[in-house]
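Overview (structure and organization)
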Amino acid sequence: MSRHSAHRFSAQVRQEEKVELAKLLECVPIPVKESVEEPAAKINVLLQAYISQLKLDGFVLVADMVFVQQSAGRLVSFQFRNFLTLMLSQHSPRHVRNLLETRVGGTCKSGARFM
């Protein structure tokens, strides 16, 4: 999910973080494909933990969680723009709007809000 953001967040996964990341990896709602040693997996797990409001057990990942909290809006916005670009390259704008209206349902009256 956040492989591109891992380049900006180039901190290596420290040995003391691996235990806490492994615990969080079991609790996140969407499985993470990367291993715990990769920075992209670290960001993915922390972003999911932040969105899911999971609590951190220790203080090892607190500084990294602050970075994720500050960057969460940009990360999700980046992913949404990538999704729209992919969908628009494969389908017409009207079809994409219909897909969004179907998925979003009652929370939004018009998919045009996303266009």
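Residues numbered from 1 in each chain as written. Predicted model: local features only at pLDDT ≥ 70, side-chain atom pairs only at ≥ 80, totals over all residues. Heavy atoms only, no water.

This part covers the side chain of E20. Position of E20 relative to the elements: it lies in helix α2 (residues 15-27). The side chain of E20 sits in the buried core without any salt bridge; K23 is the nearest counter-charge, 7.3 Å away. Sequence-distant contacts of E20, that is, excluding residues within four places in its chain, are made with L56, D57, G58, F59, V60 and L61. (Helix = DSSP H or I, 4+ residues; strand = E, 2+ residues; numbered from the N terminus. Buried < 20%, exposed > 50% of the residue type's maximum accessible area, 1.4 Å probe, protein only. Lys, Arg positive; Asp, Glu negative; His and termini not counted. Salt bridge = Lys/Arg side-chain N within 4 Å of Asp/Glu carboxyl O. Contact = heavy atoms within 4.5 Å.)

Turning next to the nonpolar core. Formed by 17 residues in total, the largest nonpolar core has its most connected members in L21, L24, V45 and L46. The set of elements that each furnish at least two residues to this core consists of α2, α3 (39-51) and α4 (62-90). At six residues, the largest contribution of residues to this core is made by α3. Contact partners of L46, with chain neighbours within four places excluded, come to L24, L61, D64, M65 and V68. (Core = buried A, V, L, I, M, F, W, Y, C linked by side-chain atoms within 4.5 Å.)

Let us now look at the side chain of D64. Checked against the element boundaries, D64 lands in helix α4. The class of D64 is buried, set by a relative accessible area of 8%. Here K42 takes part through its side chain, which lies 2.8 Å from a polar atom of the side chain of D64. (Polar contact = N/O pair within 3.5 Å; in protein donor to acceptor, adjacent residues only side chain to side chain.)

A few words on α2. Along α2, the positions that sit buried rather than exposed are E17, E20, L21 and L24. Taken together, the buried residues of α2 touch α3 and α4.

What follows covers the packing of α2 against α3. α3 packs onto α2 with a crossing angle of 55 degrees between their chain directions and a minimal axis gap of 10 Å. Judged by the angle between their axes, α2 and α3 are oblique. Two packed elements cross with a definite hand, and for α2 against α3 that hand is left-handed. Contacts from E17, L21, L24 and L25 of α2 reach α3 at K42, V45, L46 and A49. Class assignment for the residues of the contact of α2 with α3 results in six nonpolar, no polar and two charged. (Axes fitted to C-alpha atoms, helices over the stretch in contact; angles between N-to-C directions. Parallel < 35°, antiparallel > 145°, perpendicular 65-115°, else oblique. Left-handed = near helix turned anticlockwise from the far one by under 90°. Nonpolar A, V, L, I, M, F, W, Y, C, P; charged D, E, K, R; others polar.)

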